[in-house]
Amino acid sequence: MLKKQTKRFRIQTKRKLRKLTELFDQEPKQIGLPPGTLVYTGEKEKEPVNISLIEYDQNSLTEKKIEDLKEILLSKENDKVSWITVDGVHNIQLMEKIQSYFNIHPLAMEDIVHTTQRPKAEEYQDKLFIVVRMFIYDEENHDLKNEQVSFILGKNYLLTFLEDPGDVFNPVRDRIRKDGTKIRNNGSDFLAYSLIDSIVDSYFHILEKLGEEIEELEDRLVIQPTRDDLQAVHHMRRNMILLRKSVWPLREVISHLQRNEHDVINQSTQIYLRDVYDHIIQIIDTIESYRDMIVGMLDVYLSSTSNKLNEVMKVLTIISTLFIPLTFLAGVYGMNFHYFPELDMKWMYPWGFWTVSLLISLGMIIFFKRKKWF
């Protein structure tokens, strides 16, 4: 039993430390390196790197897995929209090759491999560098998995960098595979908008799951609170902090993209970015509401625990009060004096002592009920 508790404590401690690192970006970088030095700071160093390419225009579509990086150069020479997805950013040599092929600014590539960036948008010559945070909700462990998604947006291409192969872009891929869709009739800027919109829509799904858990937890706290419920409250509070930390900067990013004129973003796409901005405002309002509910849950837990303790103390106090006169009677007749006039009466013990004791107890119970003390 002691070994199991020790193991459980170690697992919880590691999980909390990992959460703190994600929340406050306390993972240290190497000191003294020149700007633009590529240093991977994630935890996926042993995972394979997968590169996929989707080329499309109004009339054609090509999907393939990239084995040779020279195929990427060929995709830049045509007029089709090229969507290149890189799953895995830990291979520094490979990232340097991609940097040279697309002439990516060293500071932008440094932010891509340093996977704890806050959402932001930066303009580098004829390219636009965008960072957003993608979340995947683990329903089994009730945990949020946080991942950085980086975009390099060019005139007719879009580079997407992720740490893991999994993403929330399958609906966008399905729309690309269909002929005559709006995404097929627009450029790479509309593709970038569609991917960001897919990430923002996934926030709604996550908030819906978290909202259901908050309601269930709130009901448990009111009825029968436990220590596990208190830990669940703190866990939800950390998830909300993590979400808020990622959504608030994204609001600034979308506002910047829709208000400023960029060569790689058409004015027609900026109209759709307004819709994404409205969605982010809704998400922020929901997050703030949930945060208030979670903070209130701590008060509910303390109130429920206090009420439960008061109920227990009330019962114990009533029991103690009932025994005070009985203890007095027992103490009086338990004294070691020889001359007690009642001692010579045969009926005194069963009818005298016990009858008086029961009548006193019954009278006190009736008095407590009239006062509505129980």
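Scroll up to find the structure this text is about.
Residues numbered from 1 in each chain as written. Predicted model: local features only at pLDDT ≥ 70, side-chain atom pairs only at ≥ 80, totals over all residues. Heavy atoms only, no water.

> So what exactly am I meant to see when it comes to the overall build of the protein chain here?
From N to C terminus, the protein chain includes nine helices and seven strands. Relative to its 374 residues, the protein chain shows a buried fraction of 41%. Across the protein chain, every contact between residues at least 6 apart in sequence was considered, and the portion connecting residues at least 24 apart equals 67%. Total accessible area on the protein chain is roughly 22,200 Å²; 55% of this is exposed by carbon and sulfur atoms. (Helix = DSSP H or I, 4+ residues; strand = E, 2+ residues; numbered from the N terminus. Buried < 20%, exposed > 50% of the residue type's maximum accessible area, 1.4 Å probe, protein only. Contact = heavy atoms within 4.5 Å. Areas by Shrake-Rupley, 256 points an atom, 1.4 Å probe, with all protein chains shown as cover.)

> Just to check I follow, could you spell out the packing of aromatic side chains for this structure?
Think of a pair of aromatic rings as described by two things: how far the centres are apart, and how the planes are tilted against each other in angle. Scanning the entire structure with this criterion turns up seven aromatic pairs. Seen in terms of ring centroids, Y193 and Y272 are 5.4 Å apart; in terms of plane orientation they differ by 40°. Their pairing is tilted. Of this pair, Y193 sits in helix α6 (residues 188–223) while Y272 is found in helix α8 (residues 267–333), placing the two residues 79 residues apart along the sequence. Note on Y193: relative accessible area 9%, which makes it buried. Its relative accessible area of 28% is what places Y272 among the partly exposed residues. (Phe/Tyr/Trp six-rings, centres within 6.5 Å; stacked < 30°, edge-to-face > 60°.)

> Would you take a moment to explain unusual backbone geometry for this structure?
Note on backbone geometry: most residues besides glycine have negative phi, and most peptide bonds are trans. Positive phi is not limited to glycine here, since N103 has a value of about 55°. Mapped onto the secondary structure, N103 falls in the loop between α3 (92–102) and α4 (106–113). The exposure class assigned to N103 is exposed, which follows from its relative accessible area of 52%. One non-glycine residue, Q125, lies in the positive phi region at around 55°. Judged by relative accessible area, which is 65%, Q125 ranks as exposed.

> For this particular structure, what's the right way to read the pattern of salt bridges?
Side-chain pairing between opposite charges can occur once the charged atoms of the two side chains come close. Going through the model one piece at a time under the given rule, you end up with 11 salt bridges. Across the pair R177 and D174 runs a salt bridge whose closest N-O atoms are separated by 3.0 Å. Linking R177 with D174, this pair stays in helix α5 (residues 170–177), spanning three residues, or about one helical turn. Judged by relative accessible area, which is 40%, R177 ranks as partly exposed. On the accessibility criterion, D174 (38% relative accessible area) is partly exposed. Put simply, E288 and R291 hold a salt bridge, and the shortest N to O gap is 3.6 Å. (Salt bridge = Lys/Arg side-chain N within 4 Å of Asp/Glu carboxyl O.)

> It is not clear to me how the sheet that holds strand β4 (residues 120–124) should be interpreted in this structure. Could you clarify?
Adjacent strands of a sheet form backbone hydrogen bonds with each other and so pair up, either parallel or antiparallel. The sheet built from seven strands is open, its strands ordered β2-β1-β3-β7-β6-β5-β4 with mixed pairing. Edge positions in the sheet fall to β2 (61–65) and β4, since each of these pairs with one other strand and no more. Here the strands of the sheet are splayed against their neighbours by 20° on average, with no regard to which way each runs. Alignment of strand β1 (residues 50–56) against strand β3 (residues 81–87), held across seven bridges, turns out to be antiparallel. By the bridge assignment for β3, Y56 is matched with V81. Those strands touched by α3 are β1, β3, β5 (127–138) and β7 (157–162), and its axis lies near 165° from that of β7. (Pairing = 2+ DSSP bridges. Axes fitted to C-alpha atoms, helices over the stretch in contact; angles between N-to-C directions.)

> Got a minute to help me understand empty space enclosed by the protein in this structure?
One simple way to see leftover space: roll a probe sized like a water molecule over the atoms. Counting across every chain of the model gives two cavities of 30 Å³ or more. Approximately 60 Å³ is the volume found for the largest cavity. Around the largest cavity, the lining residues are I130, L153, D189, A192, Y193, I196, L257, I265, T269 and L273. Residue contributions to the lining of the largest cavity peak at four residues, all from α6. For the lining of the largest cavity, a count of residues per class yields eight nonpolar, one polar and one charged. The computed volume of the second largest cavity comes to approximately 30 Å³. Forming the boundary of the second largest cavity are I104, H105, A108, Y124, K127, F129 and I152. (1 Å grid on protein atoms, 1.4 Å probe; cavity = no way out; pocket = protein on both sides within 12 Å on 5 of 7 lines; lining within 4 Å. Points joined across faces, edges and corners; volume = space filled by probe spheres on them. Nonpolar A, V, L, I, M, F, W, Y, C, P; charged D, E, K, R; others polar.)

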